[in-house]
Amino acid sequence: MNRIIDLRSDTVTKPSAEMRKAMFDADVGDDVYREDPTVNKLQDYTAELLGKEAALFVPTGLMGNQICLNVLTQPGDEVICERTAHIFQYESGTPAKLSGIQLNLINGNKGVIIPEQIEPLIRPESAYYMPRTKVIEIENTHNVAGGTIIPLEEIKRVKALADKYNLYMHLDGARLWNASVASGISPSEYAGFFDTVSVCLSKGLGAPVGSLIAGDKGVIEEAFRVRKAIGGGMRQVGIIAAAGLYALQNNIDRLKEDHDKARLLADHLSGLPGIEIEKEYVHTNIVMFRVTGKKIDVVLTELKENGILAGPGGYDVIRFVTHLDVSFEDIDAAKEILTKVFTD
Ligand code: TLP
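Quantities reported herein were computed from a predicted structural model and do not represent experimental measurements.

Peer 1: How should I be thinking about the overall build of the protein in this particular structure?
Peer 2: Helix and strand content of the protein: 14 helices and 13 strands. In summary, the protein has a C-alpha radius of gyration of 20 Å against a globular reference of 20 Å for 344 residues, a match within 12%. Overall, the C-alpha framework of the protein stretches about 60 × 50 × 35 Å when taken along its three principal axes. Across the 344 residues that make up the protein, the buried fraction comes to 55%. Working note: accessible area of the protein is about 15000 Å², and carbon and sulfur atoms make up 50% of it.

Peer 1: Please clarify how the side chain of His-170 should be interpreted in this entry.
Peer 2: The topology assignment puts His-170 in strand β6 (residues 168-173). His-170 gets classed as buried once you look at its relative accessible area, which sits at 0%. In contact with His-170, not counting residues within four places along its chain, are Asn-65, Cys-68, Leu-69, Leu-72, Val-135, Ile-136, Glu-137, Ile-138, Phe-194, Thr-196, Val-197 and Ser-198.

Peer 1: What exactly am I supposed to notice about the site of the ligand here?
Peer 2: With respect to spatial proximity, 14 residues lie near the ligand, and among them Ser-9, Gly-61, Asp-172, Arg-175 and Arg-319 are the closest. Between His-86 and the ligand, the recorded distance is 2.9 Å, taken from a side-chain N or O atom to an oxygen atom. At 2.7 Å, a side-chain N or O of Asp-172 approaches a nitrogen atom of the ligand. Coverage of the ligand by the protein amounts to 80% of the 510 Å² it exposes when considered alone. It is helix α3 (residues 61-72) that contributes the most residues to the shell around the ligand, three residues altogether. In terms of residue class, the shell around the ligand is built from two nonpolar, six polar and six charged.

Peer 1: Honestly, the domain arrangement of the protein in this entry has me stumped. Any pointers?
Peer 2: Interface size is often expressed as the accessible area that is lost when the parts come together. Each domain of the protein was delimited in the assignment, giving domain 1 (17-250) and domain 2 (254-343). Taken over C-alpha atoms, the centre of domain 1 sits 28 Å from the centre of domain 2. In total, about 1400 Å² of surface goes out of reach between domain 1 and domain 2, with carbon and sulfur atoms giving 57% of it. Between Glu-278 and Lys-110 there is a salt bridge, with the nearest N and O atoms lying 2.5 Å from each other.

Peer 1: What exactly am I supposed to notice about unusual backbone geometry here?
Peer 2: If a residue is not glycine, its phi is most likely negative; likewise, a peptide bond is most likely trans. Look at the link from Asn-140 to Thr-141: it is a cis peptide, with omega at 0°. Its location among the elements puts Thr-141 in the loop between β5 (133-139) and α7 (152-165). Despite not being glycine, Arg-34 shows a phi value in the positive range, around 60°. By the secondary structure assignment, Arg-34 is in the loop between α1 (17-25) and α2 (37-50). For Lys-110, which is not glycine, the phi dihedral falls at a positive 55°. Positionally, Lys-110 belongs in the loop between β4 (102-106) and α6 (115-118).

Calculation notes
- Residues numbered from 1 in each chain as written.
- Predicted model: local features only at pLDDT ≥ 70, side-chain atom pairs only at ≥ 80, totals over all residues.
- Heavy atoms only, no water.
- Helix = DSSP H or I, 4+ residues; strand = E, 2+ residues; numbered from the N terminus.
- Rg over C-alpha atoms; globule rule 2.2 N^0.38 Å.
- Buried < 20%, exposed > 50% of the residue type's maximum accessible area, 1.4 Å probe, protein only.
- Areas by Shrake-Rupley, 256 points an atom, 1.4 Å probe, with all protein chains shown as cover.
- Contact = heavy atoms within 4.5 Å.
- Near = heavy atom within 4 Å.
- Polar contact = N/O pair within 3.5 Å; in protein donor to acceptor, adjacent residues only side chain to side chain.
- Nonpolar A, V, L, I, M, F, W, Y, C, P; charged D, E, K, R; others polar.
- Domains from an automatic or database assignment.
- Buried area = accessible area lost by both parts, 1.4 Å probe.
- Salt bridge = Lys/Arg side-chain N within 4 Å of Asp/Glu carboxyl O.

Written out as structure tokens, the structure reads:
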């Protein structure tokens, strides 16, 4: 059997030798006392990268998003987001469980929601019998839409609407780095339109764990309390913060390679039978394609038997995610396997 090509997610990467060395060498302290110098450094570095006053290290992207929503809302409030947003689809109902809030969903166009769709959903201040609209959430890049980049112009328009109605803006920027590298727009320019931002270190950047949230000092101070309250107060975590710092300092620019690999896969898939793919929407490191004529479970098993691990991206959709542990040689091998699976 050849090498397994793992395209399930960009979360499957293993820390490199250099990253492990940074972890080994990390200076640590008790972060619940805010005394871990490496965590403090990572937080300051991230805040600066995102152009925010402060940042907070959290274990996961989910916790990052949900702490932000918790800080920005009161029970009974409402958050507007895209229908396939991660906070709605894949965060275990935590908006309801943790914050007692509900989500109001919009069918986006490749993850993009526009003011013309959002404005009619904003609850009038006078309607005391309705929930209060508090936050508009945007995911960039958008996972289920296929790693699509949300255009800055649309973000600006949504922000203008949020200002008009006094609403907060939250950015699920789990893969903001990918959006930034592909568009040439800096993370801080994107982040500037949002009150709270959540970013991940353990997706394309190759760190074993960790996310950060960023915002103004008051928001992050409150987030610090909420993190502790839900069991996210960690101790000598400089050891993992060091991996995150290494990732931010070394692994952002190379994301371009992952985008190139995704495009190679998409180009190849578009020439195969039994597949529908919208190549022009492969903006970053995610490739989604519809399988026609076969159940995706069957295809996923065939792919696995031939050395490709992949996962579902929807009912009849398969998702490939490229990352730093998949080489260009792996992509060549994957193309051959795909030809075999789809033309046999
Ligand atoms: N996404 C994971 C799975 O949960 C699907 C993946 O493999 O893509 N926001 C976005 C946009 C995400 O894609 C993810 C993870 C998260 C938040 C949550 O991050 P974690 O898994 O660290 O809680």
